[in-house]
Amino acid sequence: MIDEAFGNRVSQETLEELLPDYREIDKKLIAYKGTNNRTANAILTEIMSIEERQCLEEAFFGNTGWYRTINGDGMIKLKLAAMSLEITNNIFTFKKEVEDKILDWIDKGCMCKEEQLLMMRCYVKQKIITYMTLLNYLKNIRQTDKMTIKLYRGINTPYQNQNYKFSGMESWSTNINIAYRFARDEGFVVEKEYPINQIFTCKRSTFKNLTNRLYKHSGFYVRRESEMIVENFEKELDCRNGKGIRLAISKEIY
């Protein structure tokens, strides 16, 4: 099941090297029937060490975590883990000045090897539980064999008949109205069907350290914005002739 969660894009040797208890975790995944955040958090707490729980919670909800600060330390660390596992493209952001700052942060050795490996272990464990939770949800609750979810992303710049360029990991939403909010009046919304093995985490699976919660408001934005963090190994989305694009100014969903 672990291989399947990554769409077989990560070698079994790499996964076994990161997870010494690979076989044991794989058996637990096969037995896992959860479909929501409560059950996902229970099994994540079971398979993660105390150090891993603290690391992942901080990467998500710390003051510079993914859900608090754009291109903060948490976002960089998670994107770097995905790149190291070779499951995304190698783009942090298309804003050159921000990209330069991130690369400088990495060059200065702001993460030692042990910290990188810790983040990669956290990444793998969160990812596999997300996959299994969504798999169970689609099969048992939605009762469908379609293993993709349509997602939306609002872009706050005018659309000029150009293809959408992906960064390695991005926040998308299951709610198109949320995407329109981010696009504002002049921007556009891009839509895409994502296979569940390209979804890193979502409101049904995001880890919250319930045994020792450090961050009071953990999970607020995940729920309110129906957010999913996705993985992009593709470079761009074909949007020629408006394909997959909804202009925000049209308000066609409202």
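The rules behind each value
- Residues numbered from 1 in each chain as written.
- Predicted model: local features only at pLDDT ≥ 70, side-chain atom pairs only at ≥ 80, totals over all residues.
- Heavy atoms only, no water.
- Helix = DSSP H or I, 4+ residues; strand = E, 2+ residues; numbered from the N terminus.
- Rg over C-alpha atoms; globule rule 2.2 N^0.38 Å.
- Buried < 20%, exposed > 50% of the residue type's maximum accessible area, 1.4 Å probe, protein only.
- Contact = heavy atoms within 4.5 Å.
- Areas by Shrake-Rupley, 256 points an atom, 1.4 Å probe, with all protein chains shown as cover.
- Lys, Arg positive; Asp, Glu negative; His and termini not counted.
- Charge placed at Lys NZ, Arg CZ, Asp CG, Glu CD.
- Core = buried A, V, L, I, M, F, W, Y, C linked by side-chain atoms within 4.5 Å.
- Pairing = 2+ DSSP bridges.
- Salt bridge = Lys/Arg side-chain N within 4 Å of Asp/Glu carboxyl O.
- Expected span 1.5 Å × (residues − 1).

Visitor: What should I look at first to understand the overall build of the chain in this one?
Guide: Within the chain, the secondary structure is distributed over 10 helices and eight strands. Taken over the C-alpha trace, the chain has a radius of gyration of 18 Å; the compact-globule value for 254 residues is 18 Å, and the two agree within 12%. Structurally, the chain occupies a C-alpha span of about 50 × 50 × 35 Å along its principal axes. Across the 254 residues in the chain, those meeting the buried criterion constitute 52%. A separation of at least 24 residues holds for 78% of the contacts in the chain among residues at least 6 apart in sequence. For the chain, the accessible area works out to roughly 12,800 Å², and carbon and sulfur atoms hold 48% of it. Where the 39 positive side-chain charges of the chain centre and where its 35 negative ones centre are 7 Å apart.

Visitor: Looking at this structure, how should I read the nonpolar core?
Guide: As a rule of thumb, nonpolar side chains are buried together in soluble globular proteins. Core analysis: the biggest nonpolar cluster contains 74 residues, and Ile-2, Phe-6, Leu-78, Met-119, Tyr-123, Ile-128 and Ile-129 have the highest contact counts within it. Setting aside anything within four residues of it in sequence, one finds Tyr-123 in contact with Leu-78, Ala-81, Ala-82, Leu-85, Ile-87, Met-169, Phe-200 and Glu-231. One finds Tyr-152, Ile-176, Tyr-180 and Ala-183 within the second-largest nonpolar core, a separate group that totals seven residues.

Visitor: Got a minute to help me understand the pairing of strand S3 (residues 169-173) in this structure?
Guide: In the case of a regular strand, side chains alternate between the two sheet surfaces. S3 sits mainly inside the fold: four of its five residues count as buried. Strand direction decides the pairing type here: S3 and strand S6 (residues 227-231), joined by five bridges, are antiparallel. Bridge pairing in S6 places Trp-172 opposite Met-228.

Visitor: Explanation requested: the pattern of salt bridges in the structure shown.
Guide: Should the charged atoms of two oppositely charged side chains come close, the side chains can pair. Under the counting rule described, the total for this entry stands at 14 salt bridges. A salt bridge links Glu-16 to Arg-23, with the nearest nitrogen and oxygen atoms 2.8 Å apart. With a relative accessible area of 30%, Glu-16 lands in the partly exposed category. One connected set of salt bridges, linked through shared partners, spans Arg-9, Lys-127 and Glu-231.

Visitor: Looking at this structure, how should I read the pairing of S6?
Guide: For S6, a buried count of five out of five residues is recorded, marking the element as mostly surrounded by other parts of the structure. A two-sided burial pattern is seen for S6, the buried positions comprising Glu-227, Ile-229 and Glu-231 on one face and Met-228 and Val-230 on the other. Pairing analysis gives three bridges linking strand S5 (residues 199-202) to S6, with the strands arranged antiparallel. For Cys-202, the partnering residue across the bridge sits in S6 and is Met-228.

Visitor: Mind showing me how you'd approach helix H8 (residues 113-141) here?
Guide: Since one α-helical turn is 3.6 residues long, residues separated by three or four positions face the same way. Given a rise of 1.5 Å per residue, 29 residues ought to cover 42 Å, and the 41 Å separating the end C-alpha atoms of H8 matches this to within 8%. Phi turns positive, to about 50°, at Gln-143, one or two residues after H8.

Visitor: What is the right way to look at the side chain of Thr-133 in this model?
Guide: Mapped onto the elements, Thr-133 comes out in helix H8. For Thr-133, a relative accessible area of 0% corresponds to the buried category. Among residues more than four places away in sequence, those in contact with Thr-133 are Tyr-32, Gly-34, Thr-35, Asn-36, Ala-40, Arg-204 and Ser-205.

Visitor: Teacher, can you tell me more about helix H6 (residues 73-84) here?
Guide: Helix length check: H6, at 12 residues, gives a terminal C-alpha distance of 16 Å against a target of 16 Å (1.5 Å per residue), a fit within 8%. Residues of H6 that are buried include every one of Gly-74, Met-75, Ile-76, Leu-78, Lys-79, Leu-80, Ala-81, Ala-82 and Met-83, and no others. Buried-residue contacts for H6 involve helix H5 (50-61), helix H7 (96-107), H8, S3 and S5. At the C-terminal side of H6, Glu-86 shows a positive phi close to 60°.

So far we have only geometry, and geometry alone does not tell us how the molecule works.
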